Amino acid sequence: MGVKSNIKKKLSTVFAPFYSGRGSILMLHRIVPGSDKPRIHNTINEISPEKLDSLLSFYNSYNIDIISLEEIPLYLKGDKTDRFVCFTFDDGFKDNLHEALPVFEKHSAPYAIYVTTGFPDYTFSIWWYLLEEVLLLNDSIKFYWGDKCYEYDVPDSTSKESVFNLLRRVIIDTPYKTQQKNIKEAFREYHLDHAKHTRRFALSWDEIKALSVHPLVTIGAHTVSHPALNQLSEDEIKEEVMRAKKRIELKIDKEVNHFSYPFGSRNEVNSREFDIVRDMGFQTATTTRWGNVFKRHLEYLECLPRIPIEPSTSIEYLAAVNSGKAQFMTGSRKRVVIH
């Protein structure tokens, strides 16, 4: 460790508290039991039930309140004075019920699931798992995108991972209006049933309804088709967000008060999108910007930052995030992450 790093480490004990805020909102996607089966890329958004259990145990051992989204304003106003953490899941995967719920029940801890309504309606192609499946089952592949055909030999795990990343970029860089249309044809060589594939991974409306009446679970909205909102007009954003909200409310017979931005970095959402969502009346909305939650966020509940959880996320790292040391040590320019 260099001289500068040593100095910064010593200074972190002084400055870390200025970066700790009132608490953290965690961003998760899937809870998947361990397996020896080969995998590609998608494991970055998956942690095991045992890992989830260790996270909950960590926050309990630190006497950090594990709270629901509804409680966040109370903690920011000062009605509640303890530190907090809030667990949130994006998209609406089936394992959020079957694998995650038993762990949260064990700890009597709340969590939230933001539902992309194209999942339970089976109109949205979960293409990243389709692409993984095609690559794992074949030593060479054809991938059709618009008027192009991509052909690759993928005889080993290294080449499969490389091609996954290349084609993922092709898909993500395509405007959302043509993305799902192109996806329907992309894997035509393999005669895949997109709706059946989505049904395999996505929560059904019956499962979402069951979760919505569970005292530990909050259901939020995550748009209809998971677009990058900055690619849409104002009217299109309102349609994506409000149609998802109303669809979920119809299915669970409850008001939906919380929202999460798909692709919520500065590359996809900023002031325009935040203003539109704020005016829709949600109590909170979360981004993918990295940071803790501060009292000042009471004025910016439409753009709350989160901490992503990955398989490599350690308890030591979360302790550093909780204390503010991680933010100080990484040279974060903004204590309070807003726009």
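Everything below is about the structure printed above this text.
This section reports on the structure supplied with the text. In this text the structure is predicted, and so the values were computed from the model without any measurement.

Once that is clear, we can look at helix 6 (residues 127-137). Burial analysis of helix 6 places 8 of its 11 residues in the buried class, the great majority of the element. Among the residues of helix 6, those classed as buried are Trp127, Trp128, Tyr129, Leu130, Leu131, Glu132, Val134 and Leu135. On its buried face, helix 6 sits against strand 2 (30-31), strand 3 (46-47), strand 7 (140-145), helix 7 (157-172), helix 8 (176-186) and helix 9 (194-201).

The next thing to look at is the packing of helix 6 against helix 9. The contact between helix 6 and helix 9 brings their axes to 10 Å, and the two run at 105°. The angle between helix 6 and helix 9 places the two elements in the roughly perpendicular class. Where helix 6 approaches helix 9, its residues Tyr129, Leu130 and Glu133 are matched on the opposing element by His194, His197, Arg200 and Phe201.

As a further point, take the pattern of salt bridges. Counting across every chain of the model gives 20 salt bridges. Glu46 is the partner of Arg30 in a salt bridge, and the nearest nitrogen-oxygen pair spans 3.3 Å. With Arg30 in strand 2 and Glu46 in strand 3, this residue pair connects regions lying 16 residues apart in the sequence. Here Arg30 matches Glu46 in class, with each residue buried. Ionic pairing is found between Asp139 and Lys160, a salt bridge with its closest N-O pair at 4.0 Å. Of this pair, Asp139 sits in the loop between helix 6 and strand 7 while Lys160 sits in helix 7, and the two are 21 residues apart along the sequence. One connected set of salt bridges, linked through shared partners, spans Arg30, Arg39, Glu46, Asp95 and Glu132.

All right, on to the pairing of strand 1 (residues 23-28) then. Counting buried positions over the 6 residues of strand 1 gives 6, a clear majority of the element. What you see with strand 1 is no split at all: Gly23, Ile25 and Met27 on one side and Ser24, Leu26 and Leu28 on the other are buried throughout. One ladder, built from 6 bridges, connects strand 1 with strand 5 (residues 84-91); its direction is parallel. Directly across from Gly23, in strand 5, lies its bridge partner Phe84. Bridge analysis of strand 1 against strand 12 (residues 304-308) gives 2 bridges, and the strand direction is parallel. Residue pairing across strands places Met27 opposite Pro308, the latter belonging to strand 12.

Moving on to the packing of helix 3 (residues 49-61) against helix 5 (residues 95-107). Taken N-terminus to C-terminus, the directions of helix 3 and helix 5 make an angle of 25°; their axes are 10 Å apart at the nearest point. Compared by their axis directions, helix 3 and helix 5 come out roughly parallel. As for the relative orientation of helix 3 and helix 5, their crossing is right-handed in sense. Judged by residue contacts, Pro49, Leu52, Asp53, Leu56, Ser57 and Asn60 of helix 3 engage Glu99, Ala100, Val103, Phe104, Lys106 and His107 from helix 5. When its residues are assigned to classes, the contact of helix 3 with helix 5 shows 6 nonpolar, 3 polar and 3 charged.

What counts and what doesn't
- Residues numbered from 1 in each chain as written.
- Predicted model: local features only at pLDDT ≥ 70, side-chain atom pairs only at ≥ 80, totals over all residues.
- Heavy atoms only, no water.
- Buried < 20%, exposed > 50% of the residue type's maximum accessible area, 1.4 Å probe, protein only.
- Helix = DSSP H or I, 4+ residues; strand = E, 2+ residues; numbered from the N terminus.
- Contact = heavy atoms within 4.5 Å.
- Axes fitted to C-alpha atoms, helices over the stretch in contact; angles between N-to-C directions.
- Parallel < 35°, antiparallel > 145°, perpendicular 65-115°, else oblique.
- Salt bridge = Lys/Arg side-chain N within 4 Å of Asp/Glu carboxyl O.
- Pairing = 2+ DSSP bridges.
- Left-handed = near helix turned anticlockwise from the far one by under 90°.
- Nonpolar A, V, L, I, M, F, W, Y, C, P; charged D, E, K, R; others polar.

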